[in-house]
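Close look at the chain arrangement
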Amino acid sequence: MNEEQRPIGVVGVGYVGLVTGVCLAHLGHRVVCLDVDEARIEALRRGTVPIYEPGLEKLVDDNAARLSFTTSHDELLAQCRVLFVAVDTPPTPSGDADLSRVRRVVDEIAHRGGRRLLVMKSTVPVGTGAHIMADLEGDGVDGITYVSNPEFLREGAAIEDFLSPDRIVIGSFSDEAGDEVEALYRGVDAPVVRTSVPTAEMIKYASNAFLATKISFVNEIANVCEEVGADVRTVAEGMGLDHRIGAHFLHAGIGFGGSCFPKDVQALKQLAGNSGYHFQLLTAVIEVNHLQKRRVIGKLKHHLGNLRGARIALLGLTFKPHTDDLREAASIVLAARLRGEGATVTAHDPMLSPGSHELFPGVDLFAEPLEAVRDADALVVVTEWPEFLRLDWAAVKEAMRRPVVIDGRNVLDPDALREAGFTYEGVGVAGLPEAVRSGSS
Ligand SMILES: NC(=O)c1ccc[n+]([C@@H]2O[C@H](COP(=O)([O-])OP(=O)(O)OC[C@H]3O[C@@H](n4cnc5c(N)ncnc54)[C@H](O)[C@@H]3O)[C@@H](O)[C@H]2O)c1
């Protein structure tokens, strides 16, 4: 088999790996995907996509002829020399990134021998590529080349982000290896940043840390807005029109969650600390994010008094809309805090079945928003699913015991809700309509 004909391997077929594999197939490559999760591979072989990502099912279907799925390393390595690694790197209790899965993949590949090009898509701390190569050299393994190719996709828009990214970052120890990876992206129109492995690793962490900083920054501005009667939505608009600032990630809310920001910010802070540098800014970013969720409890108490016995409905539980991912979702902390306060918690999320869920002990999940808010003393918009913008608010008011709405994502229309008889509170959205505060009405 000459190199052009060989399929590309993808190890770890979660949100990043599956999207990578399917998009590489879409670009014309044959792709073999390996995962240790047998049920996941079985499902994919049957054509069932085990995660929710808009457009993914169709793309898997369209490219089925170029895709195969396996749990066998022998089968993978018999065919593939280039291997994308996209296993998870969750946080350890110390806040460092857990590299055990990455290490396991490298060991599986190394001990089977042969010449391989490892392309690291998993987010790994700066220095990981160099450590892996030094360890392989120490073990006498010399057939492995390593390239860092961090992934920046957003769940919910992952396919678009992979096929039309803002940039492709390729960090390599040799130009030749970098060229080979760059060639695999033929057909994707994006600036390519070619650099060293540690710099590529740092670009990923610095990017996520910066976006998280922007979110915590605007959330603090929102909190000050609440004190002084300004409206953060207009403040953010006015700021974002400045090209040096940019409009993205200036949306105040109850904080960031998900599988990347919390762990990557923590890991960068930890990495700096391990190297002897105290990253003060990130320490504050993390703390602001924790406190932001808890402010919802304060707002509920402000309107309802003691929450013992109160019935609170949470709308949206996934960490953001258009995904089924619940990792580090704000809803988990919020539900637990509310239960701790003695409240009864109900919830609805378009991705979750009615009944109960292990991440939300004691919380009743309902199939419809209107069922979740029935007899509630307050509802909290936790995740900005578009369907919540189109709710029949007259019916919601009718169903609730008390018409209190805490809009944790600033997606509802405060004036419309107040007119409909609700007590509305957003994040950094002043208590009175702007026209009233400014004296023009
Ligand atoms: N999810 C995102 O939005 C996103 C975006 C950019 C980067 N990343 C990074 O990409 C990496 C993967 O993230 P994800 O969200 O796709 O994770 P995920 O948990 O959805 O998927 C990881 C997959 O790897 C498999 N796996 C674990 N150990 C394995 C092994 N030894 N061999 C083969 N397969 C194994 C798991 O079974 C799982 O299917 C992480 O480092 C993450 O930080 C994620």
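Summary of the structure given here. (Residues numbered from 1 in each chain as written. Predicted model: local features only at pLDDT ≥ 70, side-chain atom pairs only at ≥ 80, totals over all residues. Heavy atoms only, no water.)

1. Section: the nonpolar core
So the rule is basically this: Put simply, buried Ala, Val, Leu, Ile, Met, Phe, Trp, Tyr and Cys residues joined by side-chain atoms within 4.5 Å make one nonpolar core. Buried means the residue's accessible area, taken with a 1.4 Å probe over protein chains only, is under 20% of the maximum for its type, while exposed means over 50%, and partly exposed covers the values in between. Each helix corresponds to a stretch of at least 4 residues labelled H or I by DSSP, and each strand to a stretch of at least 2 residues labelled E; elements are numbered beginning at the N terminus. Throughout, a residue-residue contact means that at least one pair of heavy atoms, one from each residue, lies within 4.5 Å.
If you look at the biggest cluster of nonpolar residues, it comprises 38 residues, and the most contacted ones within it are Leu18, Leu56, Leu67 and Phe84. For this core, the element with the highest residue contribution is helix α1 (residues 15–26), accounting for seven residues. In this structure Leu18 touches Gly12, Val13, Leu44, Val49, Pro50, Ile51, Leu56 and Phe69, once residues within four positions along its chain are discounted. In this structure, Val218, Val232, Leu317 and Ala343 belong to the second largest nonpolar core, which totals 36 residues.

2. Observations regarding the sheet that holds strand β6 (residues 144–148)
So the rule is basically this: In this analysis, strands are considered paired if DSSP registers two or more bridges between them. Axes, fitted as lines to C-alpha atoms, cover a helix only where it is in contact. Angles between the N-to-C directions of the axes lie from 0 to 180 degrees.
The sheet built from eight strands is open, its strands ordered β3-β2-β1-β4-β5-β6-β7-β8 with mixed pairing. Lying at the two open borders of the sheet, with one neighbouring strand each, are β3 (67–70) and β8 (192–195). Between one strand and the next, the sheet's axes are offset by a mean angle of 25°, whatever the strand orientation. Of the strand pairs in this sheet, strand β1 (residues 8–11) and strand β2 (residues 31–34) are connected by four bridges, and their pairing is parallel.

3. Section: the sheet that holds strand β14 (residues 423–425)
If you trace the six strands from one edge of the open sheet to the other, you get β11-β10-β9-β12-β13-β14, paired in parallel fashion. The open sheet has two free edges, formed respectively by β11 (364–365) and β14, since each of these has just one partner strand. With respect to the sheet, helix α13 (residues 330–340) is in contact with β9 (311–315), β10 (344–348) and β12 (378–381), its orientation differing from that of β9 by roughly 175°.

4. A word on the pairing of strand β13 (residues 404–407)
For the record, the criterion: Crossovers are described as right-handed under a simple rule: with the strands pointing away from the observer, the path leading from the first strand over the helix to the second runs clockwise.
Neither face of β13 is open: one carries Val404 and Ile406, the other Val405 and Asp407, and all of them are buried. Across three bridges, β12 lies against β13 in parallel orientation. When the bridges of β13 are listed, Val381 appears paired with Asp407. The β-α-β motif built from β12, the intervening helix α15 (residues 393–399) and the parallel element β13 has right-handed crossover chirality. Of the strand pairs in this sheet, β13 and β14 are connected by three bridges, and their pairing is parallel. What sits directly across from Ile406, in β14, is Glu425.

5. What about the site of the ligand?
For the record, the criterion: Proximity is defined per residue: if any heavy atom of the residue lies within 4 Å of a molecule or strand, that residue is considered near it. Here a polar contact is taken to be a pair of N or O atoms separated by no more than 3.5 Å, where protein atoms must pair a possible hydrogen donor with a possible acceptor and residues adjacent in sequence count only if both atoms sit in side chains. Here the open area of atoms and residues is found with the Shrake-Rupley method and a 1.4 Å probe, where only the protein chains shown may cover a residue. Put simply, Ala, Val, Leu, Ile, Met, Phe, Trp, Tyr, Cys and Pro go in the nonpolar bin, Asp, Glu, Lys and Arg in the charged bin, and everything else, Gly too, in the polar bin.
Taken together, 27 residues are adjacent to the ligand, and Val16, Asp35, Thr89, Glu155 and Lys263 come closest. Between an oxygen atom of the ligand and a side-chain N or O atom of Arg40, the distance comes to 3.0 Å. Contacts to the ligand include Arg327, whose side-chain N or O atom sits 2.9 Å from an oxygen atom. In isolation the ligand exposes 840 Å². Once the protein is present, 92% of that is buried. Of all elements in the fold, only α1 and α5 (100–111) reach the threshold of two or more residues within the shell around the ligand. Split by residue class, the shell around the ligand holds eleven nonpolar, six polar and ten charged.

6. A few points about the pairing of β6
Across the five residues of β6, four count as buried, placing the element largely inside the fold. Alignment of strand β5 (residues 116–120) against β6, held across five bridges, turns out to be parallel. Paired with Leu118 across the bridge in β6 is Tyr146. Where β6 and strand β7 (residues 168–172) come together, two bridges link them in antiparallel fashion. Counted as the bridge partner of Val147 is Ser172 from β7.

7. Some details on helix α6 (residues 128–138)
For the record, the criterion: What the arc covers is the set of directions going from the helix axis to the C-beta atoms.
Along α6, the positions that sit buried rather than exposed are Thr128, Gly129, Ile132 and Leu136. In a view along the axis of α6, the buried residues occupy a sector of 100°, so they form one face of it. In α6, the exposed positions angled more than 90 degrees off the buried face are occupied by Glu137 and Gly138. Buried residues belonging to α6 abut α5, β6 and α9 (197–228). Gly140 sits one or two positions beyond α6 and adopts a positive phi of about 80°.

8. Details of the side chain of Asp161
Note that Asp161 resides in helix α7 (residues 158–163). Accessibility expressed as a relative area gives 13% for Asp161, which makes it buried. Setting aside its immediate chain neighbours within four residues, Asp161 contacts Leu153 and Arg154.

9. Examining the packing of aromatic side chains
Heads up, the rule is: Working definition: a ring pair exists when centres of Phe, Tyr or Trp rings (six-membered ring for Trp) sit within 6.5 Å. Plane angles under 30 degrees give stacked, over 60 give edge-to-face, the rest tilted. We call a charge positioned above a ring when the Lys NZ or Arg CZ atom is no farther than 6 Å from the ring centre and deviates by at most 35 degrees from the ring normal.
In the structure shown here, the tally under the stated rule is six aromatic pairs. Taking 6.0 Å as the distance between ring centres and 50° as the angle between the ring planes, the aromatic pair formed by Phe249 and Phe261 counts as tilted. Linking Phe249 in the loop between α10 (232–240) and α11 (261–274) with Phe261 in helix α11, this pair joins segments that are twelve residues apart in sequence. Given a relative accessible area of 12%, Phe261 falls into the buried group. Both rings, one in Tyr277 and one in Phe279, keep their centres 6.2 Å apart while their planes meet at 70°; by these two values the pair is edge-to-face. Overall, Tyr277 belongs to the exposed group, its relative accessible area being 53%. What links up through ring pairs into an aromatic cluster is the set Phe249, Phe256 and Phe261. When the ring centre of Phe152 is taken as origin, the NZ or CZ atom of Arg167, which lies over that ring, is 3.6 Å away.

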